[in-house]
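Here's the letter readout for the chains.
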Amino acid sequence: MDIGIDFGISNIDVAIKIKGEIRFYTFISSDESISDKFHNVINKLDIAVSEIKKIAVTGGKSSDLPDVFRSASITKVNEVMAIGQGAKDIYSIQDNAFVVVSAGTGTACINYQANNFHHLGGISVGGGSLQGLAKLLINTSDAHEINKKAIKGNRSNVDFLIGDVVNNIGGLDGDITASNFVKARDDKNYNANDIAAALTNMTGEVIGTVAYLNALLVGVNKVYFVGRIPLLKSVRDAIDQRLELAGVSSKYNPNMEYANAIGALAYLQGKI
């Protein structure tokens, strides 16, 4: 039995290969030491610890873990490689060059070129930013609750749209944002749902803009997404709207939130 573990800022994701099948688990991360996190995760898994042969870990401070747990070896996998290979496995990517955007608590962009994974860069805006701002503004940090409110809301009560301020700018649609949250400066004609809609849209716009800029930088016309934040429809729609501006397409797939753990597991199978 082989195990891949990704120690993220918000979640700890686990992929276990048992008899040719992969099981997935997720646990909320904590402020504990990496050693305590590791042992707590192992203890929570519904498996026989004695059957574990190899463990691959990535993310967080996983490189501080020992090289052996009982009789199982612990392999430390670079997070860039875990993200890239995880996406490659999830999407069965055959492209010679591609871009992966890992949109989790923060956002990272990975490029595959010349049989190697490269870190293009990252930004601090992601799911963590959305949850933190939502807690401050509408008193909830629950991602699903934020998404539900956003779908009901009207962000044009908070944002200035292109159509509000000019007749046209090139080929830009009137629904594109001209300025986020600017109407909140003076008006009070908005509610919690409208704020949620503006927040999720702004988060998606930032991620989408960074995604298409990196795609154009390396000369590809599609982006493969991994991580949890694109699971929220209100964020995903905003990401796609930005990508469409640049003629770049997006790819989303089931289990994309487990990409890092899958990538770590792939290392044990000799794929990286």
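Keep in mind it's a predicted model, so treat the numbers as computed, not measured. (Residues numbered from 1 in each chain as written. Predicted model: local features only at pLDDT ≥ 70, side-chain atom pairs only at ≥ 80, totals over all residues. Heavy atoms only, no water.)

*Asks:* Any chance you could break down the environment of I110 for me, citing the residues and the numbers?
*Replies:* In this structure, I110 sits in strand β8 (residues 107-113). Classification of I110 as buried rests on a relative accessible area of 1%. Placed 144 residues apart in sequence, I110 and P254 show a C-alpha to C-alpha distance of 19 Å. Apart from the residues lying within four places of it in its own chain, the contact partners of I110 are V80, I83, G84, F98, V99, V100, F117, H118, H119 and L120. (Helix = DSSP H or I, 4+ residues; strand = E, 2+ residues; numbered from the N terminus. Buried < 20%, exposed > 50% of the residue type's maximum accessible area, 1.4 Å probe, protein only. Contact = heavy atoms within 4.5 Å.)

*Asks:* Please give an account of the sheet that holds strand β12 (residues 222-226) that cites residues and values.
*Replies:* Pairing is mixed across the open sheet formed by 5 strands, whose spatial order is β9-β8-β7-β12-β13. Strands with a single pairing partner mark the edges of an open sheet, and in this sheet they are β9 (116-123) and β13 (249-251). Across this sheet, the average inter-strand angle for adjacent strands is 25°, counted without regard to direction. As paired strands, strand β7 (residues 98-103) and β12 are joined by 4 bridges and run parallel to one another. In the strand pairing of β12, V101 is matched with F225. Against the sheet, helix α2 (residues 79-91) engages β7, β8, β9, β12 and β13, with an angle of about 110° to β9. With respect to the sheet, helix α6 (residues 192-218) is in contact with β7, β8, β9 and β12, its orientation differing from that of β7 by roughly 160°. (Pairing = 2+ DSSP bridges. Axes fitted to C-alpha atoms, helices over the stretch in contact; angles between N-to-C directions.)

All quantities given are derived from atomic positions and should not be read as evidence of function.
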